Amino acid sequence: MAKSLTQQASNEALNLLGDIIEAESTSATFACGGTLYRSVSVRWDTEDSATSKITLPEHDAGALDKLITDCAPASFGLDGKDVLDESYRKASKLDNTQFSTDFCPHASGIIDTIAQILVPSVTGSSLGIRSVRAMLYKLNIYSGPSGKFKAHVDTPRAEHQVASLVVCLPCHHQGGALLVRHKGNETCFDWSEVADKIQWAAFYSDCEHEVMKVTSGNRITLTYNLFVTQHSENLRSLSSMLDLTTLPLYGHVKELLENPGFMSEGGIIGIYCTHVYAHTNEDAICLLPKALKGIDMAIHQVFQSLGMVVHLRPVITTPSEKDYDVNDEKVNLVGTDLHPLQASNEYDGWEYNQAYGITWITEPKHEEPASARLAYGNAASLSVLYSSAALLVIVPPVRDRFQGDTAAAGPERSAKKQKLDVEAGRAYIEEEVYCIADEEQ
Ligand SMILES: O=C(O)CCC(=O)C(=O)O
Ligand SMILES: [Fe+2]
């Protein structure tokens, strides 16, 4: 039967998603942001060697006027010089030596969140080697009716600078959206709607960005330079502070799932992990999936937030066992869970299920020995099975997607989804067997 147009379009969208992930995915995770509910105090030096204070969001108008008066015009870097030019940047500033604040991005957990998304470890197979440190840089005020900062790339302040963080303090303003661009993609952070919360955005240092015109009020920000450090820190799961909808990947996935032609009868998307996790090591297994990094974490969270059930599983990649056909259907051997390396002379030492019809959108990247066993023939020989860690996304039939509030994908919802999947009879999990039922007769 000829494929319908919507089916074709959705296949293209799925391929695009695969390409984005394969391309190490900075186009999916170059920026992220979120919201925090708490007040912030700032104390600053005034001309007469005294100190003033403002607490936001509640403040008296006098304190805000004083802060605005005590700030100096903000310059920007051009050809290695600091330049003042209001047609390019209209804002005022306090240097970090002139003020202090009780807001700390580390203590608030923002930095851990950013580190997991923007700076996945690049140092091989161990987990959590690197961490990110924030250095307070400036306080800036962009005031209506014409505050702005035209498109620019931040000047790196040190060799290990990887990203910039902008924290918008709770204060009324209109306009002033922050646009961040990377390799043809653009993300917008518009903080003008909310005046009683802290809102933040972080993005890679090489992203072009601009602050659109502030038409009224005062857009007050703290800016931080983010550096990579080598010391390790305990891993924690992605905090609820991260607004997943700010990840560029979110839009791609949502569009795909909303397309009625995409896996209309349900299915399973297979995505091999991009980063290395030593996924057959017992310590690593305890930390997963909350220690997933970068694009892997983003995929896991984004699909889950859209109501999908996502499993992290080892998949056998040894050529003789990989991807074989049964009645024209591709079959994969999928671990029943992440397993430690099994040295066993029993054939079934490594527990797995057969999975039918997974739609793989990326290739395996890193293999670990999964099971080593002695095979007896004329002479005993050691046979090793290898596995790669993969994310398996269970996609329900289109009629069962997006029921109710998709953002609230708690355990209850997951359980409901799995049941629906069974009922739909197309893509389901039963006793941890992944299976897509045969096409309709
Ligand atoms: O305030 C913002 O959103 C960004 C400011 C900025 O680009 C900068 O300070 O370099
Ligand atoms: Fe900037």
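Caption draft 1: Structural detail: the site of ligand 1. Near ligand 1 you find R89, Y142, F149, H152, D154, V166, L178, H209, V211, R219, T221 and T223, and these make up its full shell. Within the side chain of D154, a nitrogen or oxygen atom sits 2.9 Å from an oxygen atom of ligand 1. The side chain of H209 places a nitrogen or oxygen atom 2.9 Å from an oxygen atom of ligand 1. If ligand 1 stood free it would expose 290 Å²; the protein chains cover 93% of that surface. Elements represented by at least two residues in the shell around ligand 1 include exactly β11 (147–152) and β17 (208–229). The greatest single-element share of the shell around ligand 1, amounting to five residues, is contributed by β17. A breakdown of the residues in the shell around ligand 1 according to their chemical character gives five nonpolar, four polar and three charged.

Caption draft 2: Structural detail: the sheet that holds strand β3 (residues 51–56). A sheet is described by the order of its strands in space; here three strands give the open sequence β3-β2-β9, paired in antiparallel fashion. Of all the strands in the sheet, just β3 and β9 (99–101) have a single pairing partner and so form its edges. Each strand axis lies, on average, 20° off the axis of its neighbour in the sheet, ignoring direction. As judged from the three bridges shared by strand β2 (residues 40–45) and β9, these two strands associate in the antiparallel manner. Pairing of W44 across the sheet is with F99, part of β9.

Caption draft 3: Representation of unusual backbone geometry within the structure. Note that the residue after L56, namely P57, is joined by a cis bond; omega there is 10°. Considering the arrangement of structural elements, one finds P57 in the loop between β3 and α3 (61–70). Omega for the peptide link from G144 to P145 comes to 10°, which places this bond in the cis form. Despite not being glycine, M263 has its phi angle at roughly 40°, a positive value. Here M263 falls in the buried class, since its relative accessible area comes to 15%. Located in the positive-phi region is A278, a residue other than glycine, with phi close to 50°. By relative accessible area, A278 is classed as buried at 17%.

Caption draft 4: Representation of the coordination of the iron ion (ligand 2) in the model. The coordination sphere of the iron ion (ligand 2), as far as protein atoms go, consists of H152 (NE2), D154 (OD) and H209 (NE2), spread over 2.0 to 2.1 Å. For H209, a relative accessible area of 4% gives the class buried.

Caption draft 5: A look at the nonpolar core. Counting residues in hydrophobic clusters, the biggest one holds 93 residues, and the most contacted among them are I114, L165, L226, I269 and F303. Broken down by element, the residue count for this core peaks at seven residues, all from β17. For this core, the two domains that each supply at least three residues are domain 1 (29–229) and domain 2 (263–436). For I114, the residues in contact, after removing those within four places along its chain, are C32, V119, L165, W200, A202 and L226. Counting 10 residues, the second largest nonpolar core, distinct from the first, contains Y272, V315, A355 and I394.

Caption draft 6: Just the pattern of salt bridges, in detail. For the structure shown, the criterion picks out 10 salt bridges. E186 serves as the salt-bridge partner of R181, at 2.6 Å between the closest nitrogen and oxygen. The class for R181 is partly exposed, based on a relative accessible area of 22%. Under the relative-accessibility criterion, E186 is labelled partly exposed at 48%. Residue R399 is joined to E265 by a salt bridge in which the shortest nitrogen-to-oxygen separation is 3.7 Å. A residue pair is termed long-range when its members are at least 10 positions apart, and R399 in the loop between β26 (380–395) and α8 (411–424) and E265 in the loop between α5 (248–258) and β18 (267–272) qualify at 134 residues. The structure contains a network of salt bridges with shared partners spanning R181, E186, E208 and E210.

Caption draft 7: Representation of the packing of aromatic side chains in the model. Evaluated as defined, the whole model comprises five aromatic pairs. Aromatic pair Y88 and F149: ring centres 6.4 Å apart, planes at 75°, arrangement edge-to-face. Placement of Y88 in the loop between β6 (81–83) and β7 (89–90) and of F149 in strand β11 is noted, with a sequence separation of 61 residues between them. Overall, Y88 belongs to the partly exposed group, its relative accessible area being 27%.

Caption draft 8: Looking closely at the environment of I271. Of note, I271 is situated in strand β18. With 90 residues separating them along the chain, I271 and I361 place their C-alpha atoms 5.8 Å apart.

Caption draft 9: Representation of the environment of P105. Looking at the element boundaries, P105 is found in the loop between β9 and α4 (110–118). The residues touching P105, leaving out its near neighbours within four places in the chain, are I110, I111, A134, L165 and Y224.

Caption draft 10: Looking closely at the side chain of S41. By the secondary structure assignment, S41 is in strand β2. Aside from chain neighbours lying at most four places away, what touches S41 is K53, I54, T55, S100, T101 and D102.

Caption draft 11: Structural context of the confidence of the model for the chain. Mean pLDDT over the chain: 80, with 75% of residues reaching 70 or higher. Per-residue pLDDT, averaged within each element of the chain, yields its smallest value for strand β28 (residues 433–436) (38) and its largest for strand β13 (residues 173–175) (98). In the model, residues 121–129 has pLDDT below 50 throughout and makes 26 contacts with residues more than four positions away in sequence or in other chains. Across residues 404–441, confidence stays below pLDDT 50; counting only partners more than four residues off in sequence or on other chains, it has 81 contacts.

Rules behind the numbers
- Residues numbered from 1 in each chain as written.
- Chains lettered and ligands numbered in written order.
- Predicted model: local features only at pLDDT ≥ 70, side-chain atom pairs only at ≥ 80, totals over all residues.
- Heavy atoms only, no water.
- Near = heavy atom within 4 Å.
- Polar contact = N/O pair within 3.5 Å; in protein donor to acceptor, adjacent residues only side chain to side chain.
- Areas by Shrake-Rupley, 256 points an atom, 1.4 Å probe, with all protein chains shown as cover.
- Helix = DSSP H or I, 4+ residues; strand = E, 2+ residues; numbered from the N terminus.
- Nonpolar A, V, L, I, M, F, W, Y, C, P; charged D, E, K, R; others polar.
- Pairing = 2+ DSSP bridges.
- Axes fitted to C-alpha atoms, helices over the stretch in contact; angles between N-to-C directions.
- Buried < 20%, exposed > 50% of the residue type's maximum accessible area, 1.4 Å probe, protein only.
- Donors = N, O, S within 2.8 Å, 3.2 Å for Na, K, Ca; no water.
- Core = buried A, V, L, I, M, F, W, Y, C linked by side-chain atoms within 4.5 Å.
- Domains from an automatic or database assignment.
- Contact = heavy atoms within 4.5 Å.
- Salt bridge = Lys/Arg side-chain N within 4 Å of Asp/Glu carboxyl O.
- Phe/Tyr/Trp six-rings, centres within 6.5 Å; stacked < 30°, edge-to-face > 60°.
- pLDDT = per-residue confidence, 0-100.

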